[in-house]
Amino acid sequence: MRIENSFIPVRGVGETTERRLWEHGVTHWDEFDGSVVGSTLADRIETFIDEGRTHLERGDISVFAEALPASSRWRCYENVSDETCFLDIETTGLDASTNEVTTVSLHRSGETTTFVKDRDLTSDRLERELADAPLLVTFNGQRFDVPFLETCFDIDVDVPHVDLMYPCKKVGLDGGLKAIEKDVGIDRDKPDLSGRDAVRLWHEYEAGDEGALETLVEYNRADTRNMKPLMELVADRLHETVFEAATAGD
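The rules behind these values
Residues numbered from 1 in each chain as written. Predicted model: local features only at pLDDT ≥ 70, side-chain atom pairs only at ≥ 80, totals over all residues. Heavy atoms only, no water. Core = buried A, V, L, I, M, F, W, Y, C linked by side-chain atoms within 4.5 Å. Buried < 20%, exposed > 50% of the residue type's maximum accessible area, 1.4 Å probe, protein only. Helix = DSSP H or I, 4+ residues; strand = E, 2+ residues; numbered from the N terminus. Contact = heavy atoms within 4.5 Å. Pairing = 2+ DSSP bridges. Axes fitted to C-alpha atoms, helices over the stretch in contact; angles between N-to-C directions. Disulfide = S-S within 2.5 Å. Salt bridge = Lys/Arg side-chain N within 4 Å of Asp/Glu carboxyl O.

Visitor: So, the nonpolar core: which residues are in play, and what are the values?
Guide: Soluble, globular proteins show a tendency: their nonpolar side chains are buried together. Counting 48 residues, the largest nonpolar core has Phe7, Phe32, Ile45, Leu164, Leu230 and Met231 as its most contacted members. Elements represented by at least two residues in this core include exactly α1 (15-23), α2 (39-57), α3 (62-67), α6 (165-170), α7 (177-184) and α9 (210-247). Of the residues forming this core, the biggest block, 8 residues, is contributed by α9. Residues within four places of Ile45 in sequence aside, it is in contact with Phe7, Val10, Val13, Leu21, Phe32 and Val37. Judged by nonpolar contacts, the second largest core, of 20 residues, contains Ala96, Val104, Leu121 and Leu136.

Visitor: Summarise the environment of Arg73; cite the residues concerned and give the values.
Guide: As for its position among the elements, Arg73 is in the loop between α3 and β1 (85-91). With a relative accessible area of 23%, Arg73 lands in the partly exposed category. Residues within four places of Arg73 in sequence aside, it is in contact with Ala65, Leu68, His161 and Val162.

Visitor: I'd like a rundown of the sheet that holds strand β2 (residues 101-108), residues and numbers included.
Guide: Taken in spatial order, the 5 strands make up an open sheet running β3-β2-β1-β4-β5, and their pairing is mixed. Edge positions in the sheet fall to β3 (111-116) and β5 (161-163), since each has one partner strand and no second. Sheet twist, expressed as the average angle between the axes of neighbouring strands with direction ignored, equals 25 degrees. Pairing between β1 and β2: 6 bridges, direction antiparallel. Bridge pairing in β2 links Phe86 to His107. In the packing of helix α4 (residues 123-131) onto the sheet, the strands contacted are β1, β2, β3 and β4 (136-138), and the crossing angle to β2 comes to about 20 degrees.

Visitor: Give a description of the state of the cysteines that names residues and reports values.
Guide: Summed over the entire model, instances satisfying the criterion amount to 0 disulfides. In this model Cys76 remains outside any disulfide bridge; the closest cysteine sulfur is found in Cys85, 15 Å from its own. The exposure class of Cys85 is buried, given its relative accessible area of 2%.

Visitor: Would you mind going over the pattern of salt bridges in detail, with residue names and values included?
Guide: Within this structure, the stated rule accounts for 17 salt bridges. Arg75 is paired through a salt bridge with Glu18; the nearest N and O atoms lie 2.8 Å apart. One end of the pair, Arg75, is in the loop between α3 and β1; the other, Glu18, is in helix α1, and 57 residues separate them in sequence. The exposure class of Arg75 is buried, given its relative accessible area of 3%. A salt bridge links Arg119 to Glu210; the shortest N-O distance between them is 3.3 Å. You can see Arg119 sitting in the loop between β3 and α4 and its partner Glu210 sitting in helix α9, a full 91 residues away along the chain.

Shown next as C-alpha cells:
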C-alpha cells in the first residue's frame, strides 16, 4: 500500500470516509471523484492531492507521517522502502538517565552499519546518519530507542517514525522482536540472546574480552537487519486486511 492510496491524512477524512471512497473505486489519488463526498471535503482532498504530489516528488514523506494516525504510518513504507533506515540500540540498562548506549546499528539500502561506544558512536555521527533518512523503523523504539538516544546524546530524532511493534499487534503478532521472528519464520545465524545478555557482553568486553564485543555487535546487527523482512511481511498483511478487503468487490 502506497501513500497515494491514502486519504485519511486529509482533515475531515476518517477511516469510514476513506473506505467509502475505496468502495466507490477511488483507490488512488489519480482516481479521485469528488461526487463521492461533499463539495467542501472534495476541495480539501483535491488540494491535499496536489500538494501531496509535490512532497512525494521531493522525497519528503514527513507531512504524511505527521498527518496519519500512528497506527497507520506503516502506509508510508512502500514509497521509501529502499531508503528506509532500520535502527536498534543496545544499552547498559533501561534508564537513560543512569545508563549508556553501547552499540547502535542502522540497516539501510541493504547495508548494516554499527557504531560502538568510545569508538565511533557520537552525537554528530548519529545526526549525520539520520539526517537524510526519509523514514525510521524501530521495534519499541518510540518508548525506548529514540528517547534513549535523545537523552544520552542530546539530539532530536525528528525523522518520520514507524514503531513496528504496533503494526505487529494489529496483525496479531505479540511479544518481543525475537519471539515474533520465530512466529513468522525469520531465522537468525547467532544463538538466541537477550537484552540481559547484551549488558553482560558489554561488561565482558570492558574487562578485556574482544570476542564479547563481536558477539554483541552481531546480536545488535541481527535485530536491525531482521526488522526489514518483518516490516515487509506486516505491511503486506495490513495491505490485505485494510485495503484489499475494502476493494474486493471492485
